[in-house]
Structures are given as C-alpha cells and as structure tokens.
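Per-entry structural report
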Amino acid sequence: ETGVTQTPRHLVMGMTNKKSLKCEQHLGHNAMYWYKQSAKKPLELMFVYNFKEQTENNSVPSRFSPECPNSSHLFLHLHTLQPEDSALYLCASSRQGLAGTDTQYFGPGTRLTVL
Amino acid sequence: GDSVTQMEGPVTLSEEAFLTINCTYTATGYPSLFWYVQYPGEGLQLLLKATKADDKGSNKGFEATYRKETTSFHLEKGSVQVSDSAVYFCALSDQSPSNSNSGYALNFGKGTSLLVTP
C-alpha cells in the first residue's frame, strides 16, 4: 500500500499550456523528490526537497518549476513544454537523517503527453 | 560518481523457472542497496533492501545479498510466477556525509524487463 498519491494520473497538454502535477505523502516524511522516467532511459532525478527547502536541482530546464509548500505536498508546475518532455513523472518521499530509514516510497506517477 | 549497472533485458522465463537478475555497483561511500519493481502502468514499489555488507534482503520469494567483495546485489527467485512480470530496478543510496543534504538520492540502473509465460 503506497502512502504517496499523485494527481492527475494522466495528462495531455499542448506546448503553450500551463499545468501542474500534484504529489501528497501521508507517511510523515521530510524529504520529497521528483523523477522523470522516459522510455529506454534510467530514472532521472529532477528535484529534491528536504524540510521544504530545495536541496538539489539536476540541471532541469526552467519550464519545470517545483513548489513545496509543506513537507506533505509537492507540486511540479509545467509551462511551454516540448514533446520530448513526454514521460512518466514520479514523486517519492523518504525520511532523511535516520540510519536505516532512507528508503524512498514512490507514487503511481503521472503519465504526461505533450502534443 | 556512484552508479549502478544491471543486466539488459528483456528476460523471458517460463513459470516456475529460476530467476537471476545481475546488478553491480560503484560507490565511494557505504551505500544501501535496493531492488524496486514496477508493474505495468504503476509506479515503483520497494521489493527489498540491504544496508550493509553481507546483509540479505528478501520479500515475496525474492532475495538479494549485498556482496561488497564483488560489488554486487543480484536478485534471485527460485520459482517465478506470471504475476512477477514487471520491470526490476536496482538502486543505491549513498549515505556519505557530503550527500546528507540530498535526502539520500537514489541512483538507479536502467531496469530489466521480466516476462514470465505460463
């Protein structure tokens, strides 16, 4: 049973649209992550938030804008995307700082298609 | 930097066959090692983990042993079922102090697709 939910599960958008992906975790974790999963490529870490502060940004284009208003919610704001941005976007959370509890728990993902 | 290499797929097996999916890693610190599974249309689920050398992770009949001498964490199952058909990802989490602000970011392998036929 996953304690991480993502909405929407599927999203189709044009290159000029603005949309947002939402992630919510019910596990009491303090770190949250966005990953991109494209066909034939390894999972790519996009952003890391630790105690609501962004601690990592893996050279992600500015058309992706994360927001973490509290330790339970994470958003990914999308604008002027390109067709190559079509992918499965996965959210994960973990408890950071405690030995043996660094496991990340994933949501079901949002399947994004950019037309 | 840290990295994970796992065998290329797809792997096709008959039901009740023995499964091995190889995974090797490179890391400068003392990583934790994980196997995640992704069923069609779903996100990743933790299958098993090991946090130190010689630890064996196990779950749902799957096992993997953390071998520091060979830097490996191979996934095995004695008798696979059709319901095991999925993509399996090996991953490591670097627990080095210099990475402590990144929430133990995971490095994933490319994934190995497994298809089990009746």
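A brief report on the enclosed structure follows. (Residues numbered from 1 in each chain as written. Chains lettered and ligands numbered in written order. Predicted model: local features only at pLDDT ≥ 70, side-chain atom pairs only at ≥ 80, totals over all residues. Heavy atoms only, no water.)

Examining the environment of Asp-84 of chain B
All names here are of chain B. Mapped onto the secondary structure, Asp-84 falls in the loop between strand S9 (75-77) and strand S10 (86-93). Take Asp-84: its relative accessible area is 7%, and that puts it in the buried class. Taking the C-alpha atoms as reference, Asp-84 lies 7.6 Å from Leu-114; in sequence the two are 30 residues apart. Once residues within four sequence positions are removed from consideration, Asp-84 is found in contact with Phe-62, Lys-77, Leu-114 and Val-116. (Helix = DSSP H or I, 4+ residues; strand = E, 2+ residues; numbered from the N terminus. Buried < 20%, exposed > 50% of the residue type's maximum accessible area, 1.4 Å probe, protein only. Contact = heavy atoms within 4.5 Å.)

A few points about the state of the cysteines
Residues and elements named next belong to chain A. As enumerated under the stated definition, the model contains 2 disulfides over all chains in all. The disulfide that involves Cys-23 links it to Cys-91, with 1.9 Å between the sulfurs. Residues Cys-23 and Cys-91 share a disulfide whose torsion about the S-S bond is about -75°; that sign makes it left-handed. With Cys-23 in strand S3 (residues 18-25) and Cys-91 in strand S9 (residues 87-94), this residue pair connects regions lying 68 residues apart in the sequence. As far as burial versus exposure is concerned, Cys-23 and Cys-91 are alike and both buried. (Disulfide = S-S within 2.5 Å.)

A word on the pairing of S9 of chain A
All names here are of chain A. Most of S9 is tucked away: 8 of the 8 residues are buried. Here strand S4 (residues 31-37) pairs with S9 via 7 bridges, running antiparallel. Counted as the bridge partner of Tyr-35 is Leu-90 from S9. In terms of strand pairing, S9 meets strand S10 (residues 105-106) through 2 bridges, oriented antiparallel. What sits directly across from Ala-92, in S10, is Phe-106. (Pairing = 2+ DSSP bridges.)

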